[in-house]
Amino acid sequence: MVERYSATSYNEWVRQILRLSETHQRIVVVFCGALDENGLSWCPDCRNALPVIEDAIQNTAVPNVRSAYLFVGIQRDEWKNPNNYYKMDNHLKLTNVPTIICWDRGKLVARLVEEDCAIPEMVSPLFKNAYL
């Protein structure tokens, strides 16, 4: 079962990840360009990746594993700032969007960046039992 969450700021992301890490076995976080009123990201790579991620959630989630999917939408102006919190965070070290980071029981098990986030064979295992 995959439960969905979202964050629209760095502080909200921190609050969410701390809370989710106490209750979920697997946490998959997608850092992506924020979505506009039509549900489209300002980032072309994010627009390509989001349907693949959605398909993985719908078709490969393991029913007996409590998983969380956290979408973190980053505004374009914020992302373009070289000193933004996401890039400066020593644990995240984000360099590009989209970035998918998967933790399993508190341990980092996978990290996909940019075009890798749009490859179903790379994304689907994040929502499967592959890392348990």
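Just so we're clear, the structure is a prediction, and the values are computed from it rather than from any experiment. (Residues numbered from 1 in each chain as written. Predicted model: local features only at pLDDT ≥ 70, side-chain atom pairs only at ≥ 80, totals over all residues. Heavy atoms only, no water.)

A. Spotlight on the overall build of the protein chain. Counting its secondary structure elements, the protein chain contains 5 helices and 5 strands. The globule rule puts the C-alpha radius of gyration for 132 residues at 14 Å, and the 14 Å found for the protein chain is close to it. Seen through its principal axes, the protein chain has C-alpha atoms that stretch 40 × 30 × 25 Å. Put simply, the protein chain has 132 residues, and 45% of those count as buried. Of the contacts made within the protein chain by residues no fewer than 6 positions apart, 63% connect residues no fewer than 24 positions apart. Counting only carbon and sulfur atoms, one obtains 50% of the accessible surface of the protein chain, whose full area is about 7,100 Å². Counting 14 positive and 16 negative side-chain charges, the protein chain places the centres of these two groups 6 Å from one another. (Helix = DSSP H or I, 4+ residues; strand = E, 2+ residues; numbered from the N terminus. Rg over C-alpha atoms; globule rule 2.2 N^0.38 Å. Buried < 20%, exposed > 50% of the residue type's maximum accessible area, 1.4 Å probe, protein only. Contact = heavy atoms within 4.5 Å. Areas by Shrake-Rupley, 256 points an atom, 1.4 Å probe, with all protein chains shown as cover. Lys, Arg positive; Asp, Glu negative; His and termini not counted. Charge placed at Lys NZ, Arg CZ, Asp CG, Glu CD.)

B. Fine view of helix α1 (residues 10-21). Over its 12 residues, α1 runs 16 Å from end to end, which matches the ideal 16 Å to within 8%, given 1.5 Å per residue. The set of residues buried in α1 consists of Tyr10, Trp13, Gln16, Ile17 and Leu20. Viewed along the axis of α1, the buried residues span an arc of 120 degrees, placing them on a single side of the element. Away from its buried face by more than 90 degrees, α1 exposes Arg15 and Leu18. (Expected span 1.5 Å × (residues − 1). Arc of directions from axis to C-beta.)

C. The pairing of strand β3 (residues 67-74), seen in detail. Summarising burial for β3: 8 of the 8 residues are buried, a large majority. Side-chain alternation along β3 places Ser67, Tyr69, Phe71 and Gly73 on one buried face and Ala68, Leu70, Val72 and Ile74 on a second face that is also buried. As judged from the 8 bridges shared by strand β2 (residues 26-33) and β3, these two strands associate in the parallel manner. The partner of Phe31 across the bridge, within β3, is Val72. (Pairing = 2+ DSSP bridges.)

D. Region of interest: the sheet that holds strand β5 (residues 107-113). One open sheet holds the 5 strands; their spatial order is β1-β3-β2-β4-β5, and the pairing between them is mixed. Two strands close off the open sheet at either side, each with one partner strand: β1 (2-7) and β5. Taken pair by pair, the neighbouring strands of this sheet meet at an average axis angle of 15 degrees, ignoring direction. Where β1 and β3 come together, 6 bridges link them in parallel fashion. (Axes fitted to C-alpha atoms, helices over the stretch in contact; angles between N-to-C directions.)

E. How the structure looks around the packing of aromatic side chains. Per the stated rule, a full pass over the model turns up 5 aromatic pairs. Judged by centre distance (5.5 Å) and plane angle (80 degrees), the rings of Tyr10 and Tyr86 are edge-to-face. Within this pair, whereas Tyr10 is found in helix α1, its partner Tyr86 is found in helix α4 (residues 85-88), the two being separated by 76 residues in sequence. The exposure class of Tyr86 is buried, given its relative accessible area of 0%. Arranged with centres 5.0 Å apart and planes meeting at 75 degrees, the rings of Trp13 and Phe31 form a pair that is edge-to-face. In this pair, Trp13 sits in helix α1 while Phe31 sits in strand β2, placing the two residues 18 residues apart along the sequence. What makes Trp13 buried here is its relative accessible area of 5%. Joined through ring pairs, the aromatic side chains of Tyr10, Trp13, Phe31, Tyr85, Tyr86 and Trp103 make up one cluster. (Phe/Tyr/Trp six-rings, centres within 6.5 Å; stacked < 30°, edge-to-face > 60°.)

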